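Summary of the model geometry
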Amino acid sequence: MRESAFKNKLIRQIQVDPGQRVLDLGCGTGTLTLLLKQAYPKAEVTGLDIDPNVLRIAEKKAENIGIDIKFNQGMSFELPYPDHSFDRVITSLMFHHLTLENKLRTLNEAFRILKPQGELHIADWGKAQNGLMRIAFLSIQLLDGFKTTSDNVNGLIPQVIDKSGFVEIKETDRFMTLYGTLSLYKAKKIN
């Protein structure tokens, strides 16, 4: 799936300064969270996921390599953080699991917890680049459901992000994979 290529590109894209706070939203077993902390050791990196079992795996991975990362349990559309508490929110392969309503709720929460000038970075399935990529994405849709994935494959993620108050929304890169087109997005919170 070219995971290392798109995750490394995403990590380079976010440009975190020392002391800044980063939230990996839907962190799963913490692979991206750990890579973020290794790339930006002077940043405060937090991972959040709803599944306590994957969080235990993430905590164990961090402990095994001696990296101090906070992992919290919570839902993406009810974030347990105060307003303006993060400089960056990053998420990888989580958005296609959410209904349109929950995508919007999640984006509203990301906007709320970001500081002014904060940035949102998303890696997820995007608009199919060609017929082959559209056919490849059917396997994801069959697995995860058409209701949650149709916004992605139809290229609507930038419009959904726009509804939450973000500006400077752009697709920054695309990757053809065995499962379809994977897109990277970036957006900014001004106030």
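Reference entry: report on the structure contained in this document.

Calculation notes
- Sequence order as written defines the numbering, with residues in each chain counted from 1.
- Under the rules for a predicted model, residues below a pLDDT of 70 receive no local features and side-chain atom pairs below 80 are neither given nor counted, while totals for whole chains, interfaces and linings still include all residues.
- Note that the side-chain values use all heavy atoms of the structure and ignore hydrogens as well as water.
- Helix and strand assignments come from DSSP, with helices taken as H or I runs of at least 4 residues and strands as E runs of at least 2, each series counted from the N terminus.
- The quantity called the radius of gyration is restricted to C-alpha atoms. Its globule counterpart is 2.2 Å times the number of residues to the power 0.38.
- Burial classification: accessible surface area is computed with a 1.4 Å probe over protein chains only, and a residue below 20% of its type maximum counts as buried, one above 50% as exposed, and the rest as partly exposed.
- In this description, contact between two residues means that some pair of their heavy atoms is separated by no more than 4.5 Å.
- Per-residue and other accessible areas were derived by the Shrake-Rupley procedure at a 1.4 Å probe size, with only the shown protein chains allowed to occlude residues.
- Think of it this way: Lys and Arg go in the positive column, Asp and Glu in the negative one, and His and the chain ends go nowhere.
- Charge positions are represented by NZ for Lys, CZ for Arg, CG for Asp and CD for Glu.
- Convention adopted: a line fitted to C-alpha atoms gives each axis, helices being fitted over their contacting stretch, and angles between N-to-C directions are expressed from 0 to 180 degrees.
- Handedness of a crossing follows from how the near helix is turned relative to the far one, being left-handed for an anticlockwise turn of less than a right angle and right-handed for a clockwise one.
- Gly is put with the polar residues, along with every residue not named as nonpolar or charged; the nonpolar set is Ala, Val, Leu, Ile, Met, Phe, Trp, Tyr, Cys and Pro, and the charged set is Asp, Glu, Lys and Arg.
- The set of buried Ala, Val, Leu, Ile, Met, Phe, Trp, Tyr and Cys residues whose side-chain atoms join them within 4.5 Å is what this entry labels a nonpolar core.
- Both cavities and pockets are sets of points on a 1 Å grid over the protein atoms alone; in a cavity a 1.4 Å probe fits but cannot get out, in a pocket the set is open with protein on both sides within 12 Å along at least five of seven lines, and lining residues sit with an atom within 4 Å of a point.
- Grid points are joined across faces, edges and corners, and a volume is the space filled by probe spheres set on the points.
- Strand pairing requires that DSSP identify at least two bridges connecting the strands.
- Call a crossover right-handed when, viewed with both strands pointing away from you, the route from the first strand across the helix to the second goes clockwise.

Looking only at helices and strands, the chain has 7 helices and 7 strands in total. What you see in the chain, going N to C, is helices and strands ordered as α-β-α-β-α-β-β-α-β-α-α-α-β-β. A globule of 191 residues ought to have a C-alpha radius of gyration of about 16 Å, and the chain, at 16 Å, matches this closely. Based on the C-alpha atoms only, the size of the chain along its principal axes is roughly 45 × 40 × 25 Å. By residue count, 51% of the 191 residues in the chain fall in the buried class. A separation of at least 24 residues holds for 74% of the contacts in the chain among residues at least 6 apart in sequence. Carbon together with sulfur atoms contributes 53% to the accessible area of the chain, which is approximately 8800 Å² in total. For the chain, the distance from the average site of its 25 positive side-chain charges to the average site of its 22 negative ones is 4 Å.

A separate point is the packing of helix H2 (residues 31-39) against helix H3 (residues 52-65). Two elements in contact, H2 and H3, have axes separated by 9 Å at closest approach and are oriented at 35°. H3 is crossed by H2, and the crossing has right-handed handedness. Where H2 approaches H3, its residues Thr31, Leu34 and Gln38 are matched on the opposing element by Lys61, Ala62 and Ile65. Its residues placed into classes, the contact of H2 with H3 shows 3 nonpolar, 2 polar and 1 charged.

Glancing now at the nonpolar core. Counting residues in hydrophobic clusters, the biggest one holds 23 residues, and the most contacted among them are Leu23, Val89, Leu120, Ile161 and Phe166. If you tally residues by element for this core, the top one is helix H4 (residues 100-113), at 4 residues. In this structure, Ile11, Val16, Ala123 and Phe137 belong to the second largest nonpolar core, which totals 22 residues.

Moving on to the layout of surface pockets. Taken as a whole, the largest pocket encloses approximately 200 Å³ of empty space. Together, 13 residues line the largest pocket, and Lys7, Gly26, Cys27, Gly28 and Ser92 are the ones closest to its centre. Mapped by element, the contributors of at least two residues to the lining of the largest pocket are helix H1 (3-14) and H2. Here the residues of the lining of the largest pocket sort into 4 nonpolar, 6 polar and 3 charged.

Below, the discussion takes up the pairing of strand E1 (residues 21-25). Across the 5 residues of E1, 4 count as buried, placing the element largely inside the fold. Taken together, the 5 bridges between E1 and strand E2 (residues 44-49) define a ladder with parallel strand orientation. Its bridge partner being in E2, aspartate 24 is matched across the sheet by glycine 47. Between the parallel elements E1 and E2, the chain passes through H2 in a crossover that is right-handed.

Okay, helix H6 (residues 146-153) next. Of the residues making up H6, those classed as buried are Thr148, Thr149, Asp151, Asn152 and Val153. Buried residues along H6 sit against H4, strand E5 (114-125), helix H5 (131-144) and helix H7 (157-162). One or two steps after H6, the chain reaches glycine 155, where phi turns positive at roughly 75°.

Functional significance is not addressed by these values, which are geometric in nature.
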